[in-house]
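The lines below spell out each chain.
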Amino acid sequence: MSVVHPWALAAGVGAIAIPVVVHFLTRPRPVTMWLSTIQFVAELVAEKRARHRMRDWLVLILRTLAIGFAAVALARPLIGTPRGVSTGSVEKPTLRVVLVDVSQSMAAEQDGVKAIERARAKAARFLADQEGVEANLILAAANPDAGGGEPTSDHSRMRTQLARASALPQRLDAQAALRNAAEILRGHGSPSTRRECVIVSDFQQTNWAAVSFSVLPSDTVVQFESVAPQDPPANLAILGCVPRGRAEAGKPLRWEIEVGNYSSISQTVAAEIRIANQRLRAEAPCDAGGRATLVVEQTFESAGWYAGEVSLLGVADSLESDNRRALALRIDAAPKLLLVTRQSSAMRNASSYFVERALAPSVSNPVSNSSSNSGEGRNGNPISSFLRRIDPTRDAWDSIADGDLIILDHPGMLDATQCDRLVDRVRLGRGLLYIAAEPVDATNLKLLAVRAGRSLQMPVEFLAATTSQSRSGLFLTDLQRRVPPFQVFGDDLAAMVDPLRFAGGLATRRIEGTLRDDILATYNDQSAALVVTPCGAGAMAVLNVELSQSNLPASPAFVPLLGELATTLLSRDQPAATIPPGETLALFLPTPIANTSGLRIVGPATAVPGLEGWGELREVDSGVIWQALAAGPPGVYEVRRGEETVFAVATAIPPEESDLRVMSRELLSQPSMKAQEVGYRSSLEPDDSQDSAWASLLAVCVSCLIVEFIVLRTFRS
Amino acid sequence: MSSLEHLRFTTRQRVDGAYSGRHLSRQQGGSGEFVDFREYTSGDDLRRLDWKVLGRTGRRYLRLYQDETNLSCTLVLDASGSMRFGGLANRGADGAGSKLEYAQFLASALTYLITQSQDQVGLAIVSDALRTWERPGADPEHVARVLDSIERLTTRPATDFSGGLRDLFLRTSRRSVMLVISDFLFPKAEEAFAALRLFRQKHWEVVLLHLVHPHEERLPAGNAFRFQGLENEGRVLCSPAELREAYEARFARHGDLIRAMAMGCGCDYRRVSTATPYLRTLSTFLMDRSG
């Protein structure tokens, strides 16, 4: 056992004499008086002498004990075996890395104190000047930074850096932070150096549950310093706000606001979207610990970029910054559809006829041979289309550049040039729907896959069906009901799909190493019925069926199915809804932007750009890319040419930062850590568990004084 | 004193006096008031024989008369050290208001009143022994000597009251009235009362005036006192607050003990507080005795 203040013990020894001194100093001056009845007094005094003597001894002992305990408490004895990292003197050279979590969750307030403030105080103890300790500081968020440079024994610079640290609107990349710490611990010191890693964080489950501590050197002593309150503070948060479907001018757009209720009370949450000079409000009940999706609809009058904000109404919780979220949205004009087919528009029972009628149903009398049809969608068809037929044998192939969605239905044999043009369009964000019905389509698809190279990883290879393979009477057996286009049917999917019988199409063979999830539907002969595969900024879908031989066009599922599929392919070009702040940014700008001439990036008015501004716009082969080492703080960032916004994106706090539930001590300390020693201290525990005896000693001291008072009362005559 | 001149120190008992006086004598002399006849028995004084009755009836009867004589009173003053106690005002001892002073005033007044009634007064001062002994007398020189002795009365730190009384008992021959003025704070009060019992056995009338100072009845207020004994008992340091109740009970028990022993001896007991003016005390005392 050692003590923090040895001088207090010496002072305590001297202080033991205080009761005696106090006794003499406070002793009343006796009045001398002659008394005739002194015999009576002497008898009584003799009677009470033993009682008074016992009282005096008790009082003296209790006072002495009280002084002694107070002195020992003042000396602050360190009792027990220290575990983890100690802030006391070190026995051998020590290399210490202090990792402080500065992610968004550290801004959570409890009793008016932010977690980051508690973290600063805790971390400062480990950065106090200690002989023999070289330390480094890592402020960990999305992009953990060992801003302290090399480990040094002069900790003043790190303390200054720590004092300036504040919670950043970023998620925590705990694994990257540990890797940084491991590099520092491995790269410095000698084999005999004691290695310590102090982690000061709120230890959110969402950040720390999957972290592996094995990256740290095996002899590292890990000290967990938790600043999380005992009970997770109540928090409501907007986890996301995304438009559903294609955002198109003049058509209702459905916003889905996802709200998380990280509290123990179910409540009704209300949110408001402010965008395009409109205020849209929605509310819905949200269970405790659950999530709710609030839905509002909005119609934009014109195409273009819009910036706005969604916020929770009437909420005062522990983490205020996740109660609002920036929005950036591109409203498109009505899409242009190109139907590439050799079939005549006059053919009523042709596959292309059904496709045309499904995607542009208002055209009553389509004009064959490069005629153009246009009209508004109806019967739930989400596409308000401008559909144009192209006959590859007669029309100029260059015209496909105008199409937002290219539909190939019985296109005949395509050459390499045509395939290259198609692949280029898809890479730039256009959609391609290939209705594979003829054996030649297998050749075309193979050629497309070859020309696309690694950018198109089809999950299956399409093969011409052999004569032994009967492709009729097929039905769907395996559907991905939770993704478009089948998602739109909901619980009615089985009723819609069961009557369907398919014929024609191509045989398929699974390609190993590709994503099985890209196969959205499978026939009963295990051949793929519908495949959707990303390719660059766009996507290609293959519907493996001969529509004219199937009952699908006659089914009520046909129009919504094809419409959803077209919407999915058209929506691939939509920019990301939000990007997380602080993380490396690499975004392709939309296709029409081919060069950086006159482009500039404009950030939120309240945000201050770093040394590198908001990033860099660079021209690459496939267009213009926006790169930044770290995305800016939450807000809307616009790329403008002149005063015209050509691109916009919003940065928002990742949803995992809003879930303030923390890892338990056991879960945190038990992972398969190779560290020989692990220490954990919660925010409720004293800074040094060894240094906790002083409180008990003070309590004993006070108890002695109380007992003394009781003794004096009891022995009072 | 003039207000007390009409009062007399009397006794209900028959007394032996040397001279004629106003008190009933134990002797049935021949010159007093006739009270009865009694048959003559051998040895009776023939001078009291009623010769006329003998002449008429031939029977021998004696005429009985009640003789009256003067009173002989012996004042016994306690001159032990405890009598110096005078309360808080004098840090405990001597000065105005002490028990000794009160006893002096009381004794002087009694001397005056008794001698005014043509009775005899004697004085015995007892401390560690019988220090002063003035036989009862009534002549002015004697009275002056007694008063002078009372005035020059000094205390001694040691006390042997019983020894003094026994010495006094040996020196007295004729029964009388003994008036003891004391605080009765003796180490061994039983022995003092044993000595008093000797007087009672010789049919002395013993009157005890128990002097009590009000500051003796309860301890003074204060945190710490160093009490010093008046009869070489040493010093006691204590906190009166811690002893107050026990002390008062002890003192009351002492008073009850003295009274009980006085009654047991057949003595007349009177508790006298020095807070009461001695003339009032004397007035009450004399009126009570005169019935």
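Residues numbered from 1 in each chain as written. Chains lettered and ligands numbered in written order. Predicted model: local features only at pLDDT ≥ 70, side-chain atom pairs only at ≥ 80, totals over all residues.

Colleague: Would you mind going over the interface of chain B and chain A in detail, with residue names and values included?
Modeller: Interface size is commonly expressed as the accessible surface area that is lost when the partners come together. Facing 27 residues of chain B, the contacting portion of chain A comprises 19 residues. With six residues, the top contributor of residues to the side of chain B that touches chain A is helix H7 (residues 240-265) of chain B. Its residues assigned to classes, the side of chain B that touches chain A comprises 14 nonpolar, six polar and seven charged. Pairing of strand E2 (residues 31-35) of chain A with strand E12 (residues 225-229) of chain B, which is carried by five bridges, proceeds in the parallel orientation. Residue Leu35(A) lies in a different strand from E12(B), and its bridge partner there is Gly229(B). (Contact = placed C-beta atoms within 7 Å. Helix = DSSP H or I, 4+ residues; strand = E, 2+ residues; numbered from the N terminus. Nonpolar A, V, L, I, M, F, W, Y, C, P; charged D, E, K, R; others polar. Pairing = 2+ DSSP bridges.)

Colleague: Report on the environment of Ser108(B), specifying residues and quantitative values.
Modeller: All names here are of chain B. In this fold, Ser108 is placed in helix H2 (residues 99-116). Taking C-alpha positions, Ser108 is 9.3 Å from Asp148, a pair spaced 40 residues apart along the chain. Setting aside residues up to four positions removed in sequence, Ser108 forms contacts with Leu147 and Ile150.

Colleague: Could you give an account of the nonpolar core, with specific residues and numbers?
Modeller: Residues and elements named next belong to chain A. Within the largest apolar cluster, 102 residues are counted, with the highest numbers of intra-cluster contacts made by Val98, Leu99, Val100, Val102, Ala140, Ala181 and Val259. Taken domain by domain, this core gets at least three of its residues from each of domain 2 (94-232 + 665-687) and domain 3 (235-332 + 576-657). For Val100, the residues in contact, after removing those within four places along its chain, are Ala119, Ala123, Leu137, Ile138, Leu139, Ala140, Leu162, Ala165 and Val200. (Core = buried A, V, L, I, M, F, W, Y, C linked by C-beta atoms within 7 Å. Buried ≥ 20, exposed ≤ 12 C-beta atoms within 10 Å, placed from the backbone. Domains from an automatic or database assignment.)

Colleague: Which residues make up the sheet that holds strand E14 (residues 291-299) of chain A, and what values do they have?
Modeller: All names here are of chain A. Read across the sheet, three strands follow the order E10-E11-E14 without closing on themselves; strand pairing throughout is antiparallel. Either end of the sheet is taken by a strand with one partner, and the two such strands are strand E10 (235-244) and E14. Between one strand axis and the next, the sheet turns through 20 degrees on average, direction left out of account. The pairing of strand E11 (residues 252-262) with E14 spans nine bridges and is classified as antiparallel. Across the sheet, residue Val259 finds its bridge partner in E14, namely Ala292. (Axes fitted to C-alpha atoms, helices over the stretch in contact; angles between N-to-C directions.)

Colleague: How would you explain the sheet that holds strand E11 (residues 205-212) of chain B if you had to name every residue and give the values?
Modeller: All names here are of chain B. One open sheet accounts for six strands, arranged E9-E8-E5-E10-E11-E14; its pairing is mixed. In this open sheet, the two strands that pair with only one neighbour each are strand E9 (130-137) and strand E14 (268-273). With direction set aside, neighbouring strand axes in the sheet form an average angle of 15 degrees. The sheet contact formed by strand E5 (residues 72-78) and strand E10 (residues 177-182) spans five bridges and is parallel. Along E10, the bridge assignment pairs Val76 with Val180. Together, E5, strand E8 (120-126), E10 and E11 form the strand contacts of H2, whose direction differs from that of E5 by roughly 170 degrees. Along the sheet face, H7 touches E11 and E14 and points at about 155 degrees away from the line of E14.

Colleague: Please set out the confidence of the model for chain B residue by residue, giving values where relevant.
Modeller: Per-residue confidence for chain B gives a mean pLDDT of 86, with 92% of residues at or over 70. Here the prediction assigns the complex a pTM of 0.55, and the interface score ipTM is 0.81. (pLDDT = per-residue confidence, 0-100.)

Colleague: Kindly report on unusual backbone geometry, identifying the contributing residues and their values.
Modeller: In terms of backbone geometry, most residues other than glycine have negative phi values and most peptide bonds are trans. Residue and element names in this part refer to chain A. Across the junction of Pro484 and Pro485, the peptide omega takes the value 5 degrees, indicating a cis bond. Among the structural elements, Pro485 can be located in the loop between strand E23 (476-479) and helix H11 (493-497). The phi angle at Asp111 is positive, at roughly 55 degrees, despite the residue not being glycine. Inspection of the secondary structure assignment puts Asp111 in the loop between strand E5 (109-110) and strand E6 (113-114). The phi dihedral of Asn277 is positive, around 60 degrees, even though this residue is not glycine. Residue position: Asn277 is located in the loop between strand E12 (267-275) and strand E13 (278-286).

Colleague: Which residues make up the pairing of strand E19 (residues 386-390) of chain A, and what values go with them?
Modeller: Residues and elements named next belong to chain A. Burial runs high along E19: four of the five residues are buried. One ladder, built from five bridges, connects strand E17 (residues 336-340) with E19; its direction is parallel. Following the sheet pairing, Leu339 is matched in E19 by Arg389.

Colleague: Before we move on, could you go through helix H9 (residues 416-427) of chain A and cite the residues and values that matter?
Modeller: Since one α-helical turn is 3.6 residues long, residues separated by three or four positions face the same way. All names here are of chain A. With twelve residues, H9 extends 16 Å between its outermost C-alpha atoms, agreeing within 8% with the 16 Å of an ideal straight helix rising 1.5 Å per residue. By the burial criterion, the buried members of H9 are Gln418, Leu422, Val423, Arg425, Val426 and Arg427. Its buried side turned inward, H9 meets strand E20 (405-409), strand E21 (431-436), helix H10 (439-452), strand E26 (528-535) and strand E27 (538-544). Positioned one or two residues after H9, Gly429 has a phi angle of 115 degrees, which is positive. (Expected span 1.5 Å × (residues − 1).)

Colleague: How would you sum up the environment of Gly610(A)? Please name residues and give values.
Modeller: Inspection of the secondary structure puts Gly610(A) in the loop between strand E30 (599-602) and strand E31 (616-620). Taking the C-alpha atoms as reference, Gly610(A) lies 9.4 Å from Ala630(A); in sequence the two are 20 residues apart.

Colleague: Give a detailed account of the confidence of the model for chain A, specifying residues and quantitative values.
Modeller: Overall, the prediction assigns chain A a mean pLDDT of 83, with 90% of residues at 70 or greater. Within the model, pLDDT remains below 50 along residues 363-384 of chain A, and this stretch shows 51 contacts once partners closer than five positions in the same chain are excluded.

Colleague: Provide a residue-level description of the pairing of strand E4 (residues 94-101) of chain A, including the pertinent values.
Modeller: In summary, the side chains of a regular strand alternate between the two faces of the sheet. Residue and element names in this part refer to chain A. Burial of E4 is extensive: eight of the eight residues sit out of reach of the surface. Covered by surrounding structure in E4 are Thr94, Arg96, Val98 and Val100 together with Leu95, Val97, Leu99 and Asp101, the residues of both alternating faces. Sheet analysis places E4 next to strand E7 (residues 133-140), joined by eight bridges and oriented parallel. When the bridges of E7 are listed, Leu95 appears paired with Glu134. As judged from the seven bridges shared by E4 and strand E8 (residues 194-201), these two strands associate in the parallel manner. The residue of E8 that forms the bridge with Leu99 is Ile199.

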